[in-house]
There are 2 protein chains.
Amino acid sequence: MLNAAGPSGRVSRSSFIAEARAICGEAFVQEGAAIEPRFLQPARYAAGQAAALVRPGSRDEAARVIALAAAAGLRVVLQGAHTGLVRAGTPDDAQGEVLLSTERLREVFELDLLDRTLRVSAGFRLSEINERLAPHGLWFPVDLSADPSIGGMVAHNTGGTRMLRYGDVRANTLALEVVLAEPAGQVLRLGQGLQKDNSALALGQLFIGSSGSLGLVSEVTIKLAPLPRQRAVTLVAPAALEHVFPLYADVMQRWGGLVSAFEGISRAALEAGLHGQDVARWFDGQLPDYAMLIELSSELPGDQLDLGGLLQGWLEAEFESGRVRDAVLDADEAIWGLRHRISEGLRAQGKVIGLDLSLPRRHFMAFRERGAAWLAQRFPQLRLADFGHLGDGGMHFNMVWPASAGAWTGEQELTLREGLYALVAELGGSISAEHGVGPQLQAAYRAHWAMVEPGVLAWAMAVQKLWDPHARMGKVDWGG
Amino acid sequence: MLNAAGPSGRVSRSSFIAEARAICGEAFVQEGAAIEPRFLQPARYAAGQAAALVRPGSRDEAARVIALAAAAGLRVVLQGAHTGLVRAGTPDDAQGEVLLSTERLREVFELDLLDRTLRVSAGFRLSEINERLAPHGLWFPVDLSADPSIGGMVAHNTGGTRMLRYGDVRANTLALEVVLAEPAGQVLRLGQGLQKDNSALALGQLFIGSSGSLGLVSEVTIKLAPLPRQRAVTLVAPAALEHVFPLYADVMQRWGGLVSAFEGISRAALEAGLHGQDVARWFDGQLPDYAMLIELSSELPGDQLDLGGLLQGWLEAEFESGRVRDAVLDADEAIWGLRHRISEGLRAQGKVIGLDLSLPRRHFMAFRERGAAWLAQRFPQLRLADFGHLGDGGMHFNMVWPASAGAWTGEQELTLREGLYALVAELGGSISAEHGVGPQLQAAYRAHWAMVEPGVLAWAMAVQKLWDPHARMGKVDWGG
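Bear in mind the structure is a predicted one, so any value in this text is a computation, not a measurement.

Criteria and cut-off values
- Residues numbered from 1 in each chain as written.
- Chains lettered and ligands numbered in written order.
- Predicted model: local features only at pLDDT ≥ 70, side-chain atom pairs only at ≥ 80, totals over all residues.
- Helix = DSSP H or I, 4+ residues; strand = E, 2+ residues; numbered from the N terminus.
- Rg over C-alpha atoms; globule rule 2.2 N^0.38 Å.
- Buried ≥ 20, exposed ≤ 12 C-beta atoms within 10 Å, placed from the backbone.
- Contact = placed C-beta atoms within 7 Å.
- Domains from an automatic or database assignment.
- Nonpolar A, V, L, I, M, F, W, Y, C, P; charged D, E, K, R; others polar.
- Expected span 1.5 Å × (residues − 1).
- Arc of directions from axis to C-beta.
- Least-squares fit on C-alpha atoms with pLDDT ≥ 70 in both.
- Pairing = 2+ DSSP bridges.
- Axes fitted to C-alpha atoms, helices over the stretch in contact; angles between N-to-C directions.
- pLDDT = per-residue confidence, 0-100.
- Parallel < 35°, antiparallel > 145°, perpendicular 65-115°, else oblique.
- Left-handed = near helix turned anticlockwise from the far one by under 90°.

Let's shift gears to the overall build of chain A. Secondary structure assignment for chain A yields 14 helices and 19 strands. Relative to its length of 480 residues, chain A is compact, with a C-alpha radius of gyration of 23 Å against a globular reference of 23 Å. Seen through its C-alpha atoms, chain A measures out along the principal axes to roughly 75 × 55 × 40 Å. Sorting the 480 residues of chain A into buried and exposed places 56% on the buried side. A fraction of 73% describes how many contacts in chain A between residues 6 or more apart in sequence connect residues 24 or more apart.

Time to look at the environment of Ala272 of chain A. All names here are of chain A. Note that Ala272 resides in helix H8 (residues 267-274). Sequence separation between Ala272 and Arg339 is 67 residues, and the spatial gap between their C-alpha atoms is 9.3 Å. With sequence-adjacent residues up to four places away left out, Ala272 is seen in contact with Ile342, Gly345, Leu346, Gln349 and Ala385.

When the parts come together, some accessible area is lost, and that loss is often what is quoted as the size of the interface. All names here are of chain A. Per the domain assignment, the segments of chain A are domain 1 (13-104), domain 2 (109-226), domain 3 (230-337) and domain 4 (349-436). Here domain 2 and domain 3 have C-alpha centroids that lie 31 Å from each other. A class-by-class count of the residues in the side of domain 2 that touches domain 3 yields two nonpolar, one polar and two charged.

Turning to helix H1 (residues 13-24) of chain A, a few remarks are in order. Residues and elements named next belong to chain A. Spanning 12 residues, H1 covers 17 Å between terminal C-alpha atoms, matching the ideal 16 Å at 1.5 Å per step. Considered for burial, the residues of H1 that qualify are Phe16, Ala20, Ile23 and Cys24. Buried positions in H1, seen along its axis, are confined to an arc of 70° and lie on one side of it. Exposed side of H1, more than 90 degrees from the buried face: Ser14, Ala18 and Ala22 are the residues found there.

With that settled, the discussion passes to the relation of the copies chain B and chain A. Once chain B is rotated about the relating axis by 180° and shifted along it by 0.0 Å, it coincides with chain A to within an RMSD of 0.0 Å. Read as a symmetry element, the transformation amounts to a two-fold axis. Looking at chain B, 100% of its interface residues are interface residues in chain A too, so the copies touch through the same face.

With that out of the way, let us pick up the sheet that holds strand S8 (residues 173-180) of chain A. In a beta sheet, neighbouring strands are held together by backbone hydrogen bonds and run either parallel or antiparallel to one another. Residues and elements named next belong to chain A. The strand order across the open sheet formed by five strands is S5-S6-S10-S8-S9, and the pairing between neighbours is antiparallel. Either end of the sheet is taken by a strand with one partner, and the two such strands are strand S5 (109-112) and strand S9 (187-190). Each adjacent strand pair in this sheet contributes to an overall mean axis angle of 15°, direction not counted.

Another aspect to go through is the interface of chain B and chain A. Counting residues at the interface gives 76 residues for chain B, matched by 76 residues for chain A. Elements with a contribution of two residues or more to the side of chain B that touches chain A: strand S9 (187-190), helix H6 (203-207), strand S11 (225-226), helix H7 (244-255), helix H11 (361-378), helix H13 (442-452) and helix H14 (455-467) of chain B. In terms of residue count, the dominant contributor to the side of chain B that touches chain A is H14 of chain B (seven residues). The residue makeup of the side of chain B that touches chain A, split by class, is 34 nonpolar, 28 polar and 14 charged.

The bulk of non-glycine residues show a negative phi, and the bulk of peptide bonds are trans. Residues and elements named next belong to chain A. Along the chain, Glu182 connects to Pro183 via a cis peptide bond; the corresponding omega equals -5°. Among the secondary structure elements, Pro183 is positioned in the loop between S8 and S9. Even without being glycine, Arg116 reaches a positive phi, approximately 50°. The topology assignment puts Arg116 in the loop between S5 and strand S6 (117-121). For Arg116, a count of 21 C-beta atoms within 10 Å translates into the label buried.

Right, let's get into the confidence of the model for chain A. Detailed conclusions should not be drawn from predicted coordinates in areas where pLDDT is low. Residues and elements named next belong to chain A. Across chain A, the average pLDDT comes to 94, with 98% of residues at or above 70. Segment residues 1-7 is flagged for pLDDT under 50; beyond a separation of four residues in sequence, or across chains, it makes 16 contacts in the model. Scoring the predicted complex yields pTM 0.96 and, for the interface, ipTM 0.95.

A word on the packing of helix H11 (residues 361-378) of chain A against helix H12 (residues 410-426) of chain A. All names here are of chain A. Where H11 contacts H12, the axes come no closer than 11 Å and their chain directions differ by 160°. Viewed along their axes, H11 and H12 adopt a mutual orientation that is roughly antiparallel. The crossing of H11 and H12 is right-handed. For the pair H11 and H12, contact is made by Phe367, Arg370, Gly371, Trp374 and Arg378 and by Gly419, Leu420 and Leu423, respectively. For the contact of H11 with H12, the residue count by class is four nonpolar, two polar and two charged.

It is worth spelling out the sheet that holds strand S6 (residues 117-121) of chain B at this point. All names here are of chain B. A sheet is described by the order of its strands in space; here five strands give the open sequence S5-S6-S10-S8-S9, paired in antiparallel fashion. Unpaired on one side and paired on the other, strand S5 (109-112) and S9 mark the two borders of the sheet. Neighbour-to-neighbour, the strand axes of this sheet turn through a mean angle of 15°, independent of strand direction. When S6 meets strand S10 (residues 215-223), the two strands line up antiparallel, connected through five bridges. Residue pairing across strands places Leu118 opposite Ile222, the latter belonging to S10.

Turning our attention to the environment of Leu270 of chain B. All names here are of chain B. Inspection of the secondary structure assignment puts Leu270 in helix H8 (residues 267-274). Measuring from C-alpha to C-alpha, the distance between Leu270 and Val352 comes to 15 Å, with 82 residues separating the pair along the chain. In contact with Leu270, not counting residues within four places along its chain, are Ile265, Leu287 and Ala291.

Residue and element names in this part refer to chain A. Counted residue by residue, strand S19 (residues 394-402) has eight buried out of nine residues, so it is predominantly covered. For strand S16 (residues 350-358) and S19, the ladder comprises nine bridges, and the chain directions are antiparallel. Counterpart to Leu357 in the pairing with S19 is Met395.

Turning to the packing of H8 of chain B against helix H10 (residues 332-347) of chain B, a few remarks are in order. Relative orientation and spacing of two packed helices are given, respectively, by the angle between their axes and the distance between those axes. All names here are of chain B. Packing of H8 against H10 leaves a shortest axis separation of 7 Å and a crossing angle of 90°. In terms of orientation, H8 and H10 fall into the roughly perpendicular class. In contact with Ala269, Ala272, Gly273 and Leu274 of H8, H10 contributes Leu338, Arg339, Arg341, Ile342, Gly345 and Leu346. For the contact of H8 with H10, the per-class residue count stands at six nonpolar, two polar and two charged.

Right, let's get into helix H2 (residues 59-71) of chain B. Along an α-helix, a turn takes 3.6 residues, which lines up residues three or four apart on a common side. All names here are of chain B. An ideal rise of 1.5 Å per residue puts 18 Å on 13 residues; H2 measures up with 19 Å between its terminal C-alpha atoms. If you check which residues of H2 are buried, you get Arg59, Ala62, Ala63, Arg64, Val65, Ile66, Leu68, Ala69, Ala70 and Ala71. Looking at the residues trailing H2, positive phi occurs at Gly73, about 70°.

Our next topic: the pairing of S5 of chain A. Residues and elements named next belong to chain A. Two strands pair when backbone bridges link them, and S5 and S6 are joined in this way by four bridges, in the antiparallel orientation. If you follow Phe109 over to S6, its bridge partner there is Val120. Hairpin connection, S5 to S6: the antiparallel pair is bridged by four residues, and Arg116 has positive phi, about 50°.

Residue and element names in this part refer to chain B. Inspection of the secondary structure puts Val108 in the loop between strand S4 (92-101) and S5. Taking the C-beta count within 10 Å as the criterion, Val108 has 19 such neighbours and is therefore assigned partly exposed. As for Val108 and Ala122, which are separated by 14 residues in sequence, their C-alpha atoms are 8.8 Å apart. Excluding residues that lie within four positions of it along the chain, Val108 makes contacts with Arg119, Val120, Ser121 and Glu219.

Shown next as structure tokens:
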């Protein structure tokens, strides 16, 4: 479906560049070979190519470019901050694809302090949004290691480390403005930014997590949260793996809305995160096979509620009960530092193959065990270093292929993904917990739903054809 | 569009009854005049009529009935517990409509304590779900005065009094099973019930809040929350109306995730709720023009966090500051009792006309003022008694037409709704905050979106035609 390029109309492909420059300005349209590498090199996987890079400076310019590309029979690939991990924002066709970057879409930044909402253009990055909100005691609580654009976050419905308390992007999005693929350039506002509204079909929900396939998300209205006044973090070594989920259930029942993170970290991932740090004192230098990072947070100050004291009291009781072997407390920054350095630490060890999974909690440990056994048999040189958002069932099932093992081939990658994704499907899990779907996952997407619920593919194709009948936008074929 | 009944096929309308009885059993198919009144009389507005009432006892029976109705050229109207307030579950055509009640869809009740999720058939009622969850210390936190079926709650995306903390039904729904209108009777599972999953287009989101128009929601997987271990409630009289939203902003910034309800209640609504109760001691018998019901709740027990003490300390400071005139504390049940008796109290005064609105908070008070002024001019005999979920911008703009004023005519109702809904649109509000859309709101829906964003009507129609091309299901025309 994606190869059925739109019909060419009044604009020749050669005059597309000239017309795009007339719309956006000379400086913001680059032709094929002149495109800056950062727009073509994704965070993971190979670089791409495009007929042109266009960076519109406003919603209206973006709409005109989308209409122009349609008239020229060029497909449009949308790109935010290019931090995605499924290659959904990277073009691949120097003849037929225009890369539309949203980084200059910065017209709107309307903060409503009473509603605690922000209406914001797609191009703003998460870090800048939060810097601007901090003086008001607010933040957008979808917390990520990367620094994506808000438009990209909506297009991929990102989750992050504090989803347990705050929910994903979908749960924090109140309205969208989209520029459609068909009629090319039509602007549609979906929702009025209200907290509570059931006066229409939920069309905007389709665009959240659509990987830029149905239209350009040009502006969003998001919910903001008060900044917590305190956080308390602990890194816990359970006495045995079997205690992890009972401890999780206990923590949730005990503290519910105060639990803002519950991460799981395997020993190999701990080692990667601790790489080069002086933490010999932690766990007396004996790293556990698995650790849990638990964070409580609250808007109340410490004199009204002692979060650190709650954690300490609980840990003491669990030492007694025998379910907890050891724990690190009062080292909040160092603990989060470890967590955020894992990916970097793994990259230092070799080629990283990362699978962004989620599983029902009852099958989470079974997947780890069976996945590791399968790897040991098929790819004994791969080193498993999984970690992730255990609290919401998310698991970054990451593996390192050491340089000493030679090249990691595409064929090996295919075998690996097929084997592990089949296990994911068998155990009722997701092949993309929070990274979304892109070309890198296209085959896996088709195979997964063909196994789990084939009707999803047929209906998703019908919905995609409704919004983009000429396959003019994005890099995903939702029909499989 | 809704009048374009599906093509009649192999089944004659007269043999529909016989075949439906063969599928569901004699006792569960009633013909026109024999239908029990409760299935035809909605909670508000006039009774309806249908060719037949069918109560399938399983998802498969429901699918077969939907296919059978399509073959007979009969439209299907879906009904849960028939507690809706927009008449979306009430049939109106004794020739062409079959009423399908979901109350016997009770096959599945699968509680997953580790995931804190419940997979449940559409027919279970909210009260029964929560009764079964209570022994596990869990609840489904979409808290309503009515007792709807879970399928109906999803179809209308209900909000309720504790949405501020827990979100609406959408935010608490992880997966759906639907039986489609076309191909009639196709069963489609949308989502696997995972907390975190971005591996497909969000098709299931379309069905949430679709008022039973795109297909039958036969089963849902919902998120559960731990039952709070304590709650503290106060009813606050602000010194002046202008302090209401500053006090709201202060409360949210101060306590954030602990705030589980923030309701606003006008004096007339207070009087209705207090009807017949001995609360002369409250506010020294001087009811304020407007009151705020504020509830804090927490999973922590009182010895770890003193919610009542927090409220009391805050109130004392606000007495000092002069923003609060008086407050009732330590009367949690009586305060909620008042809140829940308002509707009943208003009905005792005459005919109630209820508008389920939401507004941006910055325009909330302006709407009250301008709406009241408009009413005073156009309908001086109407008594305004608004109340609602101020914390999320929701407002039940309810009015009473006293019996002494004679009959309330359909023409008056039309004038009233046109006038007030135009003001809602002007101030960026919603004409249906949490009740959804049904025949009762069809004209208002069309007029609202024609003013606010006409493209919504065209695209909603296209989406409806995709899922139900022969207009076989539901009572709403999303094209307007």
